[in-house]
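Here is how the chains run, residue by residue.
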Amino acid sequence: MPTRSPLTSEQRTAATSPAARAFIVAAPGSGKTTVAAERFGVLRYDSSADLRRILALSFTRSARGELATRIRRRWGGNALSWPHRAVTLDTLHCEILTFLLRRGIISWPGEHTELTVLDTWRGQTGARWLSPDMGFRRIAVLRGTVVGSAGRKVTRSGYEIGRKEPFHQHLASGRCTHTEVRQVVAAVLRRPELRAEVARYLSATTKAFIVDEVFDANELDLDLVRLAASAGLNTTVIGDPWQALYDFRGARPDLVPELVDHVGFEEFPVTASFRFETPEMAGLAASARTGQPITLDIAPGAGACDVVLAHQWNELWSGPDCVLPLSFGRLDNQTDAAVALLLDRLVQAHFGRGAIYAEEAAVLLGLDPAKVRDNGALLGAVLEGLRPGTAQAAAAAIDTLRSILKLLGSPRRLSRIPGEGEAVQHSRLQALARRMNQPHLVAGLTVHQAKGREWPVVGIRLTHGEAAKLSAGLRQDHFEDRVLYVALTRAARKVFRC
Ligand SMILES: Nc1ncnc2c1ncn2[C@@H]1O[C@H](COP(=O)(O)OP(=O)(O)OP(=O)(O)O)[C@@H](O)[C@H]1O
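With an unreviewed UniProt entry as reference, the protein chain is termed UvrD-like helicase ATP-binding domain-containing protein, source organism Amycolatopsis minnesotensis.

Structure (structure tokens):
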């Protein structure tokens, strides 16, 4: 086991404080996750006879995974044995809903008490891309104590269900997405008598909440924190206002100071960063945080970097061929999903890990992800066919891909995509072919995927607008500026512009 570095006095004070409500504000690399994991064990193994669980909470599966790994590494595998858990806020919402349904406090269409909760409606009957000019989408509401549905004007584009019938059918068969779960739990918390039931449930089961990256919390998450604190749970929230990135999930970093003030959290600053190994990086991070103008050196080649980051996947694909982005981005149709499986194969071969959204791609195609992995040689053969890099090779590879999906167990045959969609797939495959022919590949990630991680040397792809923002100095209250800040602070030794 590696030796553990001693905590700084700031870290130790924050992790071991007897405060029932602690707000730990920390800069990048100063040990937010380290302190969260430490405090988990301090509360888990204290000498009290209180056997209720400690709940470590984060917002994304990758952040949850990192937190769970750190807890196990610090305190041993048993630290997360039942009832103690590290889960996402979405999992907690589902747990609360299941409790309310099982107890009959509220009821679901078809009297379901166990739900199948999907990440997205994409690929489900009745789901289509709806944009603000396209009328209404269905949302889940609470009528009395019964879950029902209502139409709401579309305000932000996405895969939604617009028509009543398919939405009702999904609900009646016990199926929904995390969005519906959030809508119902939010409606529950607005009703005093139901809110009191949730408070009772939390205080009966849970001794402490430790919420990592609290600036990514949306209104519902923050309301749950407020409820937990008022129900007497030991409540710790940890975060950095400069690293709030989940606007698309409704993150409300602006509401955190109000919550901290209103609930009466005791504040513990953790300032010393362990990430930055060179004076240059420490200076760069400080300049970014204080809004000083920033200019990055141009990379001698992307191969000089350990990772290349960009805000959007497209920016990575339009960059140097020695950068292999770990995704093409959103999966809009089944051909997108099939091409994502090919990318997954190449990513596995080079980096020993899967591509982002590979599992989602398999599910969208009706395939068992394990079977796809077991039959990787079939996808490998399609990749080999791509090697010449021509448009003809790309077209032939798509055809072969469509036919082998059947062999992998896909219930339907993929058809050609109308309009320009087919040409987009050809150019994606040609981009893959160019990467296959590189002697050395560097992983490309979006800043969202890189959050919470670190590398020695980081390359950043900047649009003109982003470069201008850097030269003007970053502002914490601008989302795009925070994205740039998180990108810059992933490097221990050096950041280059790629
Ligand atoms: N007291 C310490 N002594 C030495 N190294 C430490 C100490 N505390 C944290 N570290 C190391 O510093 C690095 C950053 O820690 P950690 O990931 O917990 O920071 P973070 O604040 O969560 O980072 P981010 O801002 O990127 O989310 C890790 O490699 C961690 O092991």
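1. Quick look at the packing of aromatic side chains
In this structure the tally under the stated criterion is 7 aromatic pairs. Measuring from ring centre to ring centre gives 5.3 Å for Trp129 and Tyr159, while their planes differ by 65°; the resulting arrangement is edge-to-face. Here Tyr159 lies in strand E8 (residues 158–161) and Trp129 lies in strand E5 (residues 127–130), a separation of 30 residues in the sequence. Classification of Tyr159 as buried rests on a relative accessible area of 18%. Aromatic pair Trp242 and Tyr485: ring centres 4.7 Å apart, planes at 40°, arrangement tilted. Taken together, the residues Trp242 in the loop between strand E11 (234–239) and helix H9 (256–263) and Tyr485 in helix H20 (residues 479–488) connect sequence positions 243 residues apart. Lying across the ring of Phe136, Lys153 places its NZ or CZ 5.4 Å from the centre. Positioned over the ring face of Trp129 is Arg330, at 4.3 Å from the centre of the ring.

2. Some thoughts on helix H7 (residues 192–205)
For H7, with 14 residues, the first-to-last C-alpha span of 20 Å sits near the 20 Å given by 1.5 Å per residue. Turning to H7, its buried residues are Leu194, Val198, Ala199, Tyr201 and Leu202. End-on, the buried residues of H7 take up no more than an arc of 160°, which puts them together on one face. Relative to its buried face, H7 has exposed residues pointing more than 90 degrees away, namely Pro192, Arg200 and Ala204.

3. Observations regarding the packing of helix H19 (residues 464–472) against H20
Between H19 and H20, the shortest axis-to-axis distance is 10 Å and the interhelical angle comes to 80°. Viewed along their axes, H19 and H20 adopt a mutual orientation that is roughly perpendicular. Contact residues: H19 offers Glu466, Lys469 and Leu470, while H20 offers Glu480, Asp481, Leu484 and Leu488. In terms of residue class, the contact of H19 with H20 is made up of 3 nonpolar, no polar and 4 charged.

4. Remarks on the sheet that holds strand E10 (residues 206–211)
Sheet architecture is open: 6 strands sit in the order E3-E2-E10-E11-E1-E12, paired in parallel fashion. One side of each edge strand has no neighbouring strand; the edge strands of this open sheet are strand E3 (85–88) and strand E12 (266–270). The average undirected angle you get between the axes of adjacent strands in this sheet is 20°. Note that strand E2 (residues 53–58) and E10 share 5 bridges and pair parallel. Counted as the bridge partner of Ile54 is Ala208 from E10.

5. Regarding the UniProt feature "domain: UvrD-like helicase ATP-binding" (unreviewed entry) in the protein chain
Per the UniProt record, "domain: UvrD-like helicase ATP-binding" (unreviewed entry) is found at residues 5–291. Annotation note: span residues 5–291, helix share 41%, strand share 22%, distance between end C-alpha atoms 32 Å.

6. Comments concerning the sheet that holds strand E13 (residues 297–298)
Across the sheet, 6 strands lie side by side as E13-E18-E17-E14-E16-E15; this open sheet has parallel pairing. Looking at which strands have only one partner, the edges of the open sheet turn out to be E13 and strand E15 (323–325). The sheet contact formed by strand E17 (residues 455–460) and strand E18 (residues 491–497) spans 5 bridges and is parallel. Counterpart to Val457 in the pairing with E18 is Lys494.

7. A short note on unusual backbone geometry
Geometrically, the link from Trp82 to Pro83 is a cis peptide bond, its omega value of 5° lying close to zero. Examined against the element boundaries, Pro83 turns out to sit in the loop between helix H3 (61–75) and E3. Positive phi, normally seen in glycine, also occurs at Glu213, with a value near 55°. In this fold, Glu213 is placed in the loop between E10 and helix H8 (219–230).

Cut-offs and rules
Residues numbered from 1 in each chain as written. Predicted model: local features only at pLDDT ≥ 70, side-chain atom pairs only at ≥ 80, totals over all residues. Heavy atoms only, no water. Phe/Tyr/Trp six-rings, centres within 6.5 Å; stacked < 30°, edge-to-face > 60°. Helix = DSSP H or I, 4+ residues; strand = E, 2+ residues; numbered from the N terminus. Buried < 20%, exposed > 50% of the residue type's maximum accessible area, 1.4 Å probe, protein only. Lys NZ or Arg CZ within 6 Å of the ring centre and 35° of its normal. Expected span 1.5 Å × (residues − 1). Arc of directions from axis to C-beta. Axes fitted to C-alpha atoms, helices over the stretch in contact; angles between N-to-C directions. Parallel < 35°, antiparallel > 145°, perpendicular 65-115°, else oblique. Contact = heavy atoms within 4.5 Å. Nonpolar A, V, L, I, M, F, W, Y, C, P; charged D, E, K, R; others polar. Pairing = 2+ DSSP bridges. UniProt positions renumbered as here; feature names shortened; annotations may be inferred.

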